[in-house]
Every structure is written in C-alpha cells, then in structure tokens.
Amino acid sequence: MAQIIGERAQAGDAIVDYDEKLFDDIQANPGEKAYVFMHTVPYEGSVGFVNMLTCTRINRKGFDTSLVLYGPGVLMGSATRGFPNVGDEAFPGHMNYNNQLNTFMKEGGKVLACRFAMAALYGMRESDLIEGIVPIHPLDVLDCTLTARREGALVMQTWTL
C-alpha cells in the first residue's frame, strides 16, 4: 500500500491550480448562435446535467442559445417531477434538471422538445413540459441541425443510452 506523506487536505484547500487558464475567455460576437442537442437519459449519469450547465455558460457568453431535447432527453423537461408531490425535492439535487432549465430559460435560452419522443416513447403531453419549453415536430430535430449548419453556429451533441 502506498503511504501518503504530508498533511491531509482540509475543507477549502485547492488541490489543483485553478488560476492557470490556457485559452482566452471567448465571448460571442453579435448574432452568433449555439445549439445544444441532448439525447440523454436524466439521472443516468452526470452528462445531462453537466451539459445543461455548459449550455447555460454558452448562453452567458452571449450566444443566442437553443437546447434541443429529443429521445430520452425530453424527460429532462418534465414539469411533473417531484416526490411525494410535484415540485417536492425528494433528495438534494433531485430537482436539478428543472431548476437548471428554468435558470437557462429565465436568462434567455430557448428549450425545444421533440413531440415524437414525448408522446410515442414516454406518454408525455405537451402540458407535462416545464413552462416555456417549446414542443417541436420530430422532423424539426434534423432541420434544426441543418439550420445550425447554415448559420455557422456552434453545435454540441450528446448521446447516451
């Protein structure tokens, strides 16, 4: 067994160098857009939540940002989450998806959700979405991607199963 010699890190200690940054802090030029596509199962890892935080950061950098939820990603937009009642946080972090989507939209981000995934896969109604999320036709998922390409927008795609 390896022996660690030295003092144990204490709460508040930094164990890596957070001050060194290698790249410029890029901000959007006027009119620049970003699209983040998420085909991600909520709560099956950190990918969905981390990408929501990234999406919010992109928006804060000044990009006109759209988040497209499709496949299992539409579940992140559920307004009926909670236990024992809708909106109740059953454990710390339980409502992270709802809270982060609301923060993103409050700051001007747009959220779109695929109607096919909602209805055919998960039995969700449009009224089950968090207020402000826009339901879209399933063919719009591809056309949104092609629109982003034509606009020269930043595109991020996340797939998990």
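Residues numbered from 1 in each chain as written. Predicted model: local features only at pLDDT ≥ 70, side-chain atom pairs only at ≥ 80, totals over all residues. Heavy atoms only, no water.

Chemist: Got a minute to help me understand unusual backbone geometry in this structure?
Modeler: For residues besides glycine, phi is generally negative; the peptide bonds are generally trans as well. A cis amide bond links phenylalanine 83 with the next residue in sequence, proline 84, at an omega value of 5°. Looking at the element boundaries, proline 84 is found in the loop between strand S2 (64-69) and helix H2 (96-106). Phi at tyrosine 43 takes a positive value of approximately 70°, unusual for a residue other than glycine. Position of tyrosine 43 among the secondary structure elements: in the loop between strand S1 (33-39) and helix H1 (47-60). (Helix = DSSP H or I, 4+ residues; strand = E, 2+ residues; numbered from the N terminus.)

Chemist: Looking at this structure, I do not really get H2. What am I missing?
Modeler: One turn of an α-helix holds 3.6 residues; hence residues three or four places apart share an orientation. Looking only at H2, the buried set comprises Tyr97, Asn98, Gln100, Leu101, Phe104 and Met105. Its buried side turned inward, H2 meets H1, S2 and strand S3 (110-114). Phi turns positive one or two residues past the end of H2, at glycine 108, with a value near 100°. (Buried < 20%, exposed > 50% of the residue type's maximum accessible area, 1.4 Å probe, protein only. Contact = heavy atoms within 4.5 Å.)

Chemist: Which parts of the structure should I look at to understand the sheet that holds S3?
Modeler: Within a sheet, neighbouring strands are paired by backbone hydrogen bonds and run either parallel or antiparallel to one another. With parallel pairing, five strands are arranged side by side in an open sheet as S4-S3-S2-S1-S5. Because the sheet does not close on itself, it has two edges, and the strands there are strand S4 (134-136) and strand S5 (154-159). Strand after strand, the sheet turns through a mean of 20° between neighbouring axes, direction not considered. Pairing geometry for S1 and S2, over six bridges, is parallel. The residue of S2 that forms the bridge with methionine 38 is leucine 69. The strands that helix H3 (residues 115-122) touches are S3 and S4; relative to S3, the one it contacts most, it runs at about 40°. (Pairing = 2+ DSSP bridges. Axes fitted to C-alpha atoms, helices over the stretch in contact; angles between N-to-C directions.)

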